[in-house]
Each structure stands twice: as C-alpha cells, then as structure tokens.
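Here are the chains, one letter per residue:
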Amino acid sequence: MEIRFLHLLLGLILPYTLSATEIPFYIGAYTNTPNPSRGIYRSTLNTGTGALAAPMLAAETANPSYLALTHDNKFLYAVNETPAHTVEAFQVESNGLLTRLNAQSTGGDSPCYVSLDDTEHTVFVANYDGGSIAAFPVKADGSLGERALLIPLSGFGLDPQERTKSRAHSIYTSAGNRFVYACDLGTDKIWSYHFDAATGNLTPNNPPFVCVPSGAGPRHLAFLPGAPFAYVVNERSMTVTALAIDKVSGALTPFQTLSSLPKDVPASGSGSAAIRIHPNGKWLYVSNRSHASITQFTIGIDGRLAWAANTPGVPAIPRDFAIDPSGRWLLAAGQKANLICNYKIDPVSGQISPTPYSLTLSAPVCLLFEKP
C-alpha cells in the first residue's frame, strides 16, 4: 500500500507543481561517423513548451558514448569508445561548458558505460569488448585517481557470436550503496557484488550472479525508487525481465519476462537499447533500435509489468532516450537518423506523442539531464 500511495501522490504532484523552466542536458555523440560530431554537446529543454535549444559543443572528445553527472552538476564523466579506451573527468563551468580534468585507462576495450556510487567517491566503468568492469577513486577536485579495480567477467552465452566471452554492458550501485550490479550481455548474467563505499572495494555476492533467459543479452538496468524491484532490458531477445531484490542479501530473482515489441513484430535485427522509469514510478519505457520504437509498460504494486503502448516512428536506431525531471517530456536520440526528437508524456496515461521540436546532430548515442 505504501508503494501504491507513493505512485499516486507523485502522479498527482509532478505534472502540476513544476513550473516551466529551461533544463540543461548533455549529449554524447560518436565522432567517427561520415559527418562526425566533435564530442559532448549541451542543449536545454523548455519544460513548458517542449522547445529545444540549438546544441553547443561543450567539450571536444572522441566517441563519448556514455555520460554520468554528480548530484550537484559540478562534474561530468564520460567513457571514450576508442582504441585508447579511456574514462574522462570534466568540470562543469557556470556557462555549461566542460573543462577536461584528466583521463584514465579503463583497462579494457570498448568502454560503453560509466556511473557513480551514491557517495560519488567511486566511478565505475563497463568494458564491453574487454569483458570487464573497473573502478576509479574520485579526488577532491573531481579528477580521477588511478584505476583501483579491474575485474574480468567469465563464462559464455547461448548466442554463437557472443558465447566465447563476456561482454560487460553496464554497471550500477543499488539503493543504499551496498551492492553493485553489472550486466553481462555475452553470458546472459547479471553479476552481483558487495560494495564497500569507504574503500571502493567489490567482493562477489552469494550467489555471484543471476541468469536471464538464455540468449537474451542483458544490456541496461532500471531500479524502481522506493521498492525492491529492478528491470533489465535484454538486447538480443528484445525483452524486459523484472527482478526482485532481496533487501538483506542483494540477490536478484527474475519473476517475469515480456517482449518489448508488438505481438506481430518478430525479434530480429539490432535489439533493444535503453530502459527508463518515469519519475512518478508508474511507467517503464524501453527503446527498440531495429523497430525504431519506444514501448511503455505500467508497473504494478507487486512490481509486475503490463503492456501499455508502443510508439513507432521514433528517430532511426534510438540508442538512448531520457525523461526530463519534470516528467513531462521524453527525448529520443536516433543514432542513424542524426536526430533528437522530443515527445510529450501524457500525465494520466503515460503515453508519448510527437512534438514539433527536434535537434539535428550526427550520431547521438547518450542523453543526460542535469539533476534538479
């Protein structure tokens, strides 16, 4: 009943109490395309009208494929999918531009995800082709210390193209900062660790991992605020799996898997990508790259998902999308379309609808709003 009350309360408050304002957001874009972007860009969203400002280059850097911000919006971290495989630290200036502080080697090929623990003393990185996860201490000035941990993942999966190695695709700390979870697309596992925030150390949990359905390919996780549930989007099977989180042990238990595609659409081509939960905690959204769509689910008080809607025609290869802090708008980044489009979120149903507002930018692959 407490979770349902929170859902209802937030659903009533969010759409009406937040006045229109300009909310900044950052865009990570690939720089090795035929019409390349130059790094990390910054734009703003008007939460009253949905209008988007023209993007400006915030920092020139190579292939910043994923971004993370501190809670006070003073520091930003980016992974670079380059042969140098680095993670970079930036200071956010008063005008929104980024000043590079330093970079560290991630210790593995194709770093594709970066996150911070709750204390913001540790930065985590997932190395996709390297099949490993890494941790870095954050110094007082926001720069990164030398890599403190590099943990290779192990095993193999069902997919013949991926079965020879692990492929770490994302890494997160749980609510309470006690556990760390890493999605391994190659082995169909979500790895689990005890996290010591004082030292930054990770030790394997018991059990050390949970498996999603064979061949699914877990990519990214979303945690339901205030409730012991998480959801993983499975790239290869184009499904979403709901997981219960044991509050004591941190163990994950899968209890539901649903397709992220309409019933008449086969799960083929490039798979599902991003997963987000609306700020009111009632709706979950997933992007489907080959289908160029975003699917919405409702979240029950028991954590179970129910199909709500599928919105086709989003910009081609929606590698990422983001929901603004007001909960009114959803931005979808089309990597192939070279376009970021804004969608309005219905405050009652949660369904999204197109707006006339968009940005043109070569190969956008990550969207990140500043914290409110």
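The structure presented is a predicted model; accordingly, all values stated were derived computationally and were not measured.

## Re the environment of Phe-223
Then step 1. The topology assignment puts Phe-223 in strand β16 (residues 218-223).
Then step 2. Sequence-wise, Phe-223 and Ala-308 are 85 residues apart; in three dimensions their C-alpha atoms are separated by 19 Å.
Then step 3. With residues near it in sequence (within four places) discarded, Phe-223 still touches Tyr-172, Thr-173, Tyr-181, Phe-229, Ala-230, Ile-245 and Ile-277.

## Thoughts on the side chain of Thr-86
Then step 1. Relative to the elements of secondary structure, Thr-86 occurs in strand β6 (residues 86-92).
Then step 2. When neighbours within four sequence positions are excluded, Thr-86 is seen to be in contact with Ala-78, Val-79, Asn-80, Ala-103, Gln-104, Ser-105, Thr-106 and Pro-111.

## Digging into the pattern of salt bridges
Then step 1. Applying the stated criterion across every chain, the model contains 7 salt bridges.
Then step 2. When the shortest N-O distance is used, the salt bridge between Arg-38 and Glu-60 registers 3.0 Å. Taken as a pair, Arg-38 in the loop between β1 (22-29) and β2 (39-46) and Glu-60 in strand β3 (residues 56-60) lie far apart in primary sequence, 22 residues in all.
Then step 3. Classification of Arg-38 by relative accessible area gives partly exposed; the value is 45%.
Then step 4. Relative accessible area serves as the criterion here: at 56%, Glu-60 is assigned to the exposed category.
Then step 5. Put simply, Asp-129 and Arg-167 hold a salt bridge, and the shortest N to O gap is 2.5 Å. With Asp-129 in the loop between β9 (122-127) and β10 (132-137) and Arg-167 in the loop between β11 (149-152) and β12 (168-173), the pair connects residues that are 38 residues apart, well separated along the chain.
Then step 6. On the basis of relative accessibility, which here comes to 28%, the residue Asp-129 falls in the partly exposed class.

## Side note on the sheet that holds strand β17 (residues 229-234)
Then step 1. The sheet built from 4 strands is open, its strands ordered β16-β17-β18-β19 with antiparallel pairing. Taken across any chain shown, the strands that pair with only one partner, and hence form the sheet edges, are β16 and β19 (252-259). When the angles between neighbouring strand axes are averaged without regard to direction, this sheet yields 25 degrees.
Then step 2. In this structure, strand β18 (residues 239-245) lies alongside β19, joined through 7 bridges in antiparallel fashion. Note that in β19 the partner of Leu-243 across the bridge is Pro-254.

## Details of the nonpolar core
Then step 1. Core analysis: the largest hydrophobic core is formed by 58 residues, its most contacted members being Leu-76 and Ile-190.
Then step 2. Residues contacting Leu-76, with those up to four places away along its chain left out, are Tyr-26, Ile-40, Leu-67, Ala-68, Leu-69, Glu-88, Ala-89, Phe-90, Val-92 and Leu-98.
Then step 3. Counting 16 residues, the second largest nonpolar core, distinct from the first, contains Ile-23, Leu-52, Trp-329 and Leu-367.

## With respect to the pairing of strand β4 (residues 64-69)
Within a regular beta strand, the side chains point alternately toward one face of the sheet and then the other, so they alternate between its two faces.
Then step 1. Most of β4 is tucked away: 6 of the 6 residues are buried.
Then step 2. Of the strand pairs in this sheet, β4 and strand β5 (residues 75-80) are connected by 5 bridges, and their pairing is antiparallel. By the bridge assignment for β5, Pro-64 is matched with Asn-80.
Then step 3. Between the end of β4 and the start of β5, which pair antiparallel, lie 5 residues, with Asn-73 showing a positive phi angle near 60 degrees.

## Comments concerning the confidence of the model for the protein
Then step 1. With 92% of its residues at a pLDDT of at least 70, the protein reaches an overall mean of 92.
Then step 2. Across residues 1-18 the pLDDT falls below 50, and counting only partners more than four positions away or on other chains, this stretch makes 26 contacts in the model.

## Examining unusual backbone geometry
The general pattern is negative phi for most residues beyond glycine and trans for most peptide bonds.
Then step 1. At the junction of Asn-206 and Pro-207, the peptide bond is cis and its omega measures out at 5 degrees in the coordinates.
Then step 2. Residue placement: Pro-207 occurs in strand β15 (residues 201-211).
Then step 3. Even without glycine at this site, Met-238 takes up a positive phi of about 55 degrees.
Then step 4. Relative to the helices and strands, Met-238 is located in the loop between β17 and β18.
Then step 5. Phi is positive for Asn-338, close to 55 degrees, though the residue is something other than glycine.
Then step 6. Among the secondary structure elements, Asn-338 is positioned in the loop between β25 (329-334) and β26 (339-345).

## What about the state of the cysteines?
Then step 1. Counted according to the given criterion, the structure contains 0 disulfides.
Then step 2. Cys-112 carries a free sulfur, and the closest cysteine sulfur to it, the one in Cys-183, is 10 Å from it.
Then step 3. A residue is classified by how much of its surface remains accessible, and Cys-112, at 7% relative accessible area, is buried.
Then step 4. Relative accessible area serves as the criterion here: at 0%, Cys-183 is assigned to the buried category.

## Section: the sheet that holds strand β7 (residues 98-105)
Then step 1. On the basis of which strands lie adjacent, the open sheet formed by 4 strands has the order β4-β5-β6-β7 and antiparallel pairing. Two strands bound the open sheet, and with one partner strand each, they are β4 and β7. Strand-to-strand twist of the sheet, defined as the mean angle between neighbouring strand axes without regard to direction, takes the value 25 degrees.

## Comments concerning the environment of Ala-274
Then step 1. Within the secondary structure, Ala-274 sits in strand β20 (residues 272-277).
Then step 2. Ala-274 sits in the buried class, given a relative accessible area of 1%.
Then step 3. The sequence separation of Ala-274 and Cys-366 amounts to 92 residues, and the corresponding C-alpha distance is 9.6 Å.
Then step 4. Among residues more than four places away in sequence, those in contact with Ala-274 are His-220, Val-233, Tyr-285, Val-286, Ser-287, Arg-319, Asp-320 and Phe-321.

What counts and how
- Residues numbered from 1 in each chain as written.
- Predicted model: local features only at pLDDT ≥ 70, side-chain atom pairs only at ≥ 80, totals over all residues.
- Heavy atoms only, no water.
- Helix = DSSP H or I, 4+ residues; strand = E, 2+ residues; numbered from the N terminus.
- Contact = heavy atoms within 4.5 Å.
- Salt bridge = Lys/Arg side-chain N within 4 Å of Asp/Glu carboxyl O.
- Buried < 20%, exposed > 50% of the residue type's maximum accessible area, 1.4 Å probe, protein only.
- Pairing = 2+ DSSP bridges.
- Axes fitted to C-alpha atoms, helices over the stretch in contact; angles between N-to-C directions.
- Core = buried A, V, L, I, M, F, W, Y, C linked by side-chain atoms within 4.5 Å.
- pLDDT = per-residue confidence, 0-100.
- Disulfide = S-S within 2.5 Å.

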